[in-house]
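Structural characterization, general
What follows is the residue order along each chain.
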Amino acid sequence: MTRGTGRGKAVAAPRSVDVARLAGVSQKTVSRVFNDEQYVSADVRRRVLEAADELGYRRNNAARALASGRTRSIGVVTLGTALYGPASLLMGVERALRDTGYALRVVNTMEGDPAGIAGAVDSLLDQGVDGIVISEPIDERGADGEVSLRVDVPVLVLGAPSPVGAPTVLTAGDGADLMARAATEHLLDLGHTTVHHLAGPQRWYAARDRLEGWRTTLAAHGRDVPPVVEGDWSAASGYTAGRELAADTAVTAVFAANDDMAIGLIRALTEAGRRVPQDVSVVGFDDVPVAAYVTPPLTTVPQPFDAVAQEGLKRLVHTIENPEADPLPASDPPVDLVVRSSTAPPPNRTTPARGRRTAAPSRTDAPSRAAAPPSRPANGGPSTPH
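Residues numbered from 1 in each chain as written. Predicted model: local features only at pLDDT ≥ 70, side-chain atom pairs only at ≥ 80, totals over all residues. Heavy atoms only, no water.

**Observations regarding the overall build of the chain**
- Across its full length, the chain holds 11 helices and 14 strands.
- Across the chain, the fraction of contacts at a sequence separation of at least 24, relative to all contacts at a separation of at least 6, is 73%.
- By element, 50% of the accessible surface of the chain is carried by carbon and sulfur atoms, the whole surface being about 17,500 Å². (Helix = DSSP H or I, 4+ residues; strand = E, 2+ residues; numbered from the N terminus. Contact = heavy atoms within 4.5 Å. Areas by Shrake-Rupley, 256 points an atom, 1.4 Å probe, with all protein chains shown as cover.)

Next comes the structure, spelled out in structure tokens:
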């Protein structure tokens, strides 16, 4: 999904002349300090660096490299993980940039490091990038809800709220709730009374969105909203959740927040004598390559990583090259549901045909929010995914 633009109030970046004025030196001396030239006393160097730090001054390496003031490079801040979603989105960004003529600079962050985004953005700005893509799926924000950085280049944020302030902030990839809605409605359409949810760790924006889409869909249909079981994206946590859900004979349908957890869930259900889909239907999320080859083949919602990256980068490059123009409009691609053999009507109901369905629910008729159900952690609660 790609949508949403925001044009915040621009903050004038400090210049070398401002540093010179505060340090009580000439602009040439400031240049000498930052170029690490000789014949600058230790006291003058200290005063210049302290003034630069106080003002938040950063050399415009782009202007130094090109007369146009642009390096034709775009920086990406991404979580350092091999998980399918973040890794696939990064690959989509790399593919989308190939035809733009811009170079790619990537800085990885680590889960659990609140200063990770700030440090990564700062590193990219020091390299003089013309724009920044933030693909940071975990909520690492501080109490103020925003990373304290002066970002004077356009920013594209993928699948999360913007963690920085910038003159122009574009958003993309924020439609996981609609995809979860399609998965939940598929199970309700088959005749299931309600749908249980195996959620991802709630520090992840995607996990929150998928839970919200599931919950609001059940509420809109007047169905009971069962307690949530929370995993950590791994098949092992899905297996643990499956053992718990298998003990409840009232469970006939489960929507898992990703395919790995769905696969572990099916294994546990099968071992407990709960047949899939005859007794319990399971829907996953992502459409990982193996989803079509497990037993039974998994019904799932594919994510349009390449489409999100391509449209998002197109809009970012347009903003970089046309700073005075309005951002390009965003569009919502259709939501696909790949129906395979892991879903069927509940016992004593007729099984419909399988295949690929396309659902395109609009946000204007999205159901109202319902109260959050209590959470039952699988495996003792969320842990760091691997």
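Moving on, there is more to tell.
**Considering the confidence of the model for the chain**
- Across the chain, the average pLDDT comes to 83, with 80% of residues at or above 70.
- Note that pLDDT drops below 50 for residues 1-10; the model gives that stretch 46 contacts with residues more than four away or on any other chain.
- Here residues 61-68 is a poorly scored stretch, pLDDT under 50, and it has 14 contacts once near neighbours within four places are set aside; other chains count. (pLDDT = per-residue confidence, 0-100.)

**Things to note about the side chain of H186**
- Mapped onto the elements, H186 comes out in helix α7 (residues 176-189).
- A polar atom in the side chain of H186 sits 3.1 Å from the side chain of T343. (Polar contact = N/O pair within 3.5 Å; in protein donor to acceptor, adjacent residues only side chain to side chain.)

**A closer look at the nonpolar core**
- Core analysis: the biggest nonpolar cluster contains 27 residues, and L198 and V282 have the highest contact counts within it.
- If you list the elements that add at least two residues to this core, you get α9 (235-246), β9 (253-256) and α10 (259-271).
- Residue contributions to this core peak at 5 residues, all from α10.
- Contact partners of L198, with chain neighbours within four places excluded, come to V229, E230, G231, G238, A241, V254, F255, A256, A257, M261 and L265.
- Listed in part, the 23 residues of the second largest apolar core include A180, A199, A253 and F285. (Core = buried A, V, L, I, M, F, W, Y, C linked by side-chain atoms within 4.5 Å. Buried < 20%, exposed > 50% of the residue type's maximum accessible area, 1.4 Å probe, protein only.)

**Considerations on the pairing of strand β3 (residues 103-109)**
- Of the pairings in the sheet, the one linking strand β2 (residues 73-79) to β3 comprises 7 bridges and is parallel in character. Looking at the pairing, S73 lines up with A103 of β3.
- Regarding the hand of the β-α-β motif, the stretch spanning β2, helix α5 (residues 84-97) and β3 is right-handed. (Pairing = 2+ DSSP bridges. Right-handed = clockwise from strand over helix to strand, strands pointing away.)

**A word on the packing of aromatic side chains**
- A full pass over the atoms with the stated rule returns 3 aromatic pairs.
- Geometrically, the ring pair formed by W204 and W233 is edge-to-face, given 5.7 Å between the ring centres and 80 degrees between the ring planes. Note that W204 is positioned in the loop between β7 (196-199) and α8 (205-220) and W233 in the loop between β8 (228-230) and α9, a separation of 29 residues in sequence. Across this residue pair, the class does not change: W204 and W233 are buried.
- Directly above the ring of Y102 sits R72, whose terminal nitrogen or CZ lies 4.3 Å from the centroid. (Phe/Tyr/Trp six-rings, centres within 6.5 Å; stacked < 30°, edge-to-face > 60°. Lys NZ or Arg CZ within 6 Å of the ring centre and 35° of its normal.)

**Digging into helix α2 (residues 27-34)**
- Restricting attention to buried positions, one finds in α2 the residues T29, V30 and V33. Projected down its long axis, α2 shows its buried positions confined to an angular sector of 105 degrees, all on one face.
- Residues of α2 that are buried make contact with α1 (16-23) and α3 (42-55). (Arc of directions from axis to C-beta.)

**Regarding the packing of α2 against α3**
- For the pair α2 and α3, the least separation of the axes is 10 Å and the interaxial angle reads 90 degrees. Here α2 is positioned roughly perpendicular relative to α3, judged by the angle of their axes. Of the residues in α3, those in contact with T29, V30, V33 and F34 of α2 are V44, R45, V48, L49 and A52.
- Of the residues assigned to the contact of α2 with α3, the class counts are 7 nonpolar, 1 polar and 1 charged. (Axes fitted to C-alpha atoms, helices over the stretch in contact; angles between N-to-C directions. Parallel < 35°, antiparallel > 145°, perpendicular 65-115°, else oblique. Nonpolar A, V, L, I, M, F, W, Y, C, P; charged D, E, K, R; others polar.)

**Details of the pattern of salt bridges**
- Under the criterion given, the structure shown has 13 salt bridges.
- Among the ionic pairs, E50 bridges to R46, the shortest N-O distance being 3.2 Å. With E50 and R46 both in helix α3 and 4 residues apart, this pair spans about one turn of that helix.
- Its relative accessible area of 45% is what places E50 among the partly exposed residues.
- With relative accessibility at 40%, the residue R46 sits in the partly exposed group.
- Among the salt bridges present, the one from D287 reaches R340, with a minimum N-O distance of 3.1 Å. Note that D287 is positioned in the loop between β10 (281-286) and β11 (299-302) and R340 in the loop between β12 (335-339) and β13 (355-359), a separation of 53 residues in sequence. Neither residue differs from the other here; D287 and R340 are each classed as buried.
- Salt bridges here are not isolated pairs; linked through shared partners, they connect D43, R46, R47 and E50. (Salt bridge = Lys/Arg side-chain N within 4 Å of Asp/Glu carboxyl O.)

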